[in-house]
Structures are given as C-alpha cells and as structure tokens.
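Notes for the structure review
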Amino acid sequence: EAGVAQSPRYKIIEKRQSVAFWCNPISGHATLYWYQQILGQGPKLLIQFQNNGVVDDSQLPKDRFSAERLKGVDSTLKIQPAKLEDSAVYLCASSLAPGGDIYGYTFGSGTRLTVV
Amino acid sequence: GESVGLHLPTLSVQEGDNSIINCAYSNSASDYFIWYKQESGKGPQFIIDIRSNMDKRQGQRVTVLLNKTVKHLSLQIAATQPGDSAVYFCAENSRSNFGNEKLTFGTGTRLTIIP
C-alpha cells in the first residue's frame, strides 16, 4: 500500500512569513497526527484528528499554528507568522483508527522547515 | 523522557557485534511501547513493539526488554549490519487527559556501525 505522503520535502522561509505543509494519509486511515521534530530531539505531537475533527491540539501553539483536515482525508498544517524556533521537521502520521497499540502508526518522510 | 539540546546519545558498534540501546520512559500508565528507527531524511520506521503485560519480545535480530519497575526499555540488535546505522527512538503509548491514545517519544540514540 502507498505510504503517508507529505509535501514539500524542504522549505526555507524568512521569519514572519507564512508556510503550509500538506499530508495525504494512507487510504482509509481515520486518525491523522502532526508531529514537530526539532533537530536532536524526538517527535512531539502537535495535533491529532479523528476523521475531520480535532481530538487533541493541546501542544499546538495556536497563536501561530493552525491545522485542518477537510473531508477527513488530506490535512494541512500552517504556520503564520513563522519564528526562528519553528525550524524543524514536520512529520505526519496516520492510523486506521484510534488506538495505536492495535492499528499501528505509519509516518511520512516529513517536511524540513528552515526559518532564517 | 525527551532529550534536550542537539546532542543525541551515541553508540558505536563494530559490524557483526551486538548492540543494546536503552530508554527510560516517564508514564507508569503507558501500556504499549514501540521502538522506531529513523534514518536521515526519513520518518520513524517501526521496528518492534511490546505491551505492558510482557517483559520480553523477540523479532528478527531484535529483542525488546521491558522493566516496568524502573520504567526502562532496551532494544537489542544482534549481529549488527551497516544498514542498522540510524537514530533509534523508544515511544510510549498512553491515554492523554483528553482520552485519546497518544505517542510520546523518548530520547533518541544515534547508532553507528563501524565496518
């Protein structure tokens, strides 16, 4: 089966600009996650969707980050305005249903964002 | 716990030797644990998992040990190969305050296989 698709692979922007990342999960996967991975650290969950509804966005900096999952399939993560500390890899993951211990998680290759 | 700063713990192992990577987790209520391998430019790749009702699980060349008393996981890789060079993360699956299943990643370890 096709994996989790993400684009773009790389993005360089100046601080205070805006940027958007796109994720297409595995077909039929109802649960979608966005993670932020700062260099040298493990991924940190930003937001979790179940179909097109938000389940957990407690770690999302809502003053500048937003995410949506229209129609419960593709998802977009946006940052506006970007700060230097937003430089990271943004990973998307999906799961057939809530309950990673049963259904597992599949990660995309990520988008590497550099803010200068 | 999570690593801080840019300096991952590192482990160098001679090709063909066995390697052991350790991880401490934080939530005693976590009931499921996963080891991931992450190569440069790629997302985390599943290696092996273990549930909290087990203390050992074996896969092909990999073994995970779980010690719930001290909240410790280890990943053993037998007969290491150059392709095993990567960063390895443990992750714990637990239920968040919102009721959803949540993966929390621990400190990564950079494993380098010396030919």
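Just so you know, these numbers come straight off a predicted model, no measurement behind them.

**Details of the overall build of chain A**
Of the regular secondary structure elements, chain A holds one helix and 11 strands. Written out in order from the N terminus, the α and β elements of chain A read β-β-β-β-β-β-β-β-β-α-β-β. A compact globule built from 116 residues should have a C-alpha radius of gyration of about 13 Å, and chain A, at 13 Å, falls within 12% of that. Projected onto its principal axes, the C-alpha positions of chain A cover 40 × 25 × 25 Å. Expressed as a percentage of its 116 residues, the buried residues of chain A come to 47%. A fraction of 53% describes how many contacts in chain A between residues 6 or more apart in sequence connect residues 24 or more apart.

**Some thoughts on the side chain of Arg-64 of chain A**
Residues and elements named next belong to chain A. By secondary structure assignment, the location of Arg-64 is in the loop between β6 (53-56) and β7 (65-68). The buried category is assigned to Arg-64, whose relative accessible area is 12%. Beyond its immediate stretch of four places on either side in the chain, Arg-64 contacts Lys-78, Ile-79, Gln-80, Pro-81, Ala-82, Lys-83 and Asp-86.

**Some thoughts on the pattern of salt bridges**
All names here are of chain B. Tallied over the entire structure, the rule returns six salt bridges over all chains. A salt bridge links Asp-49 to Arg-57; the nearest nitrogen and oxygen atoms lie 2.2 Å apart. Taking relative accessible area as the criterion, Arg-57 reaches 35% and is therefore assigned partly exposed.

**Section: the interface of chain A and chain B**
Chain A puts 24 residues into the contact, and the matching count from chain B is 24 residues. Summed over both sides, the interface between chain A and chain B buries roughly 2,000 Å², with carbon and sulfur atoms accounting for 51% of that surface. The three residues of chain A that bury the most area against chain B are Asp-101, Tyr-105 and Phe-107 of chain A, which together make up 28% of that side's buried surface. At the junction of chain A and chain B, the tally comes to zero salt bridges. Counting across the chain A and chain B interface gives three residue pairs in polar contact (both at pLDDT 80 or more). At the level of elements, β4 (31-37), β5 (44-50), β6 and α1 (100-103) of chain A are the ones that each hand at least two residues to the side of chain A that touches chain B. When its residues are assigned to classes, the side of chain A that touches chain B shows 10 nonpolar, 11 polar and three charged.

Conventions adopted
- Residues numbered from 1 in each chain as written.
- Chains lettered and ligands numbered in written order.
- Predicted model: local features only at pLDDT ≥ 70, side-chain atom pairs only at ≥ 80, totals over all residues.
- Heavy atoms only, no water.
- Helix = DSSP H or I, 4+ residues; strand = E, 2+ residues; numbered from the N terminus.
- Rg over C-alpha atoms; globule rule 2.2 N^0.38 Å.
- Buried < 20%, exposed > 50% of the residue type's maximum accessible area, 1.4 Å probe, protein only.
- Contact = heavy atoms within 4.5 Å.
- Salt bridge = Lys/Arg side-chain N within 4 Å of Asp/Glu carboxyl O.
- Buried area = accessible area lost by both parts, 1.4 Å probe.
- Polar contact = N/O pair within 3.5 Å; in protein donor to acceptor, adjacent residues only side chain to side chain.
- Nonpolar A, V, L, I, M, F, W, Y, C, P; charged D, E, K, R; others polar.

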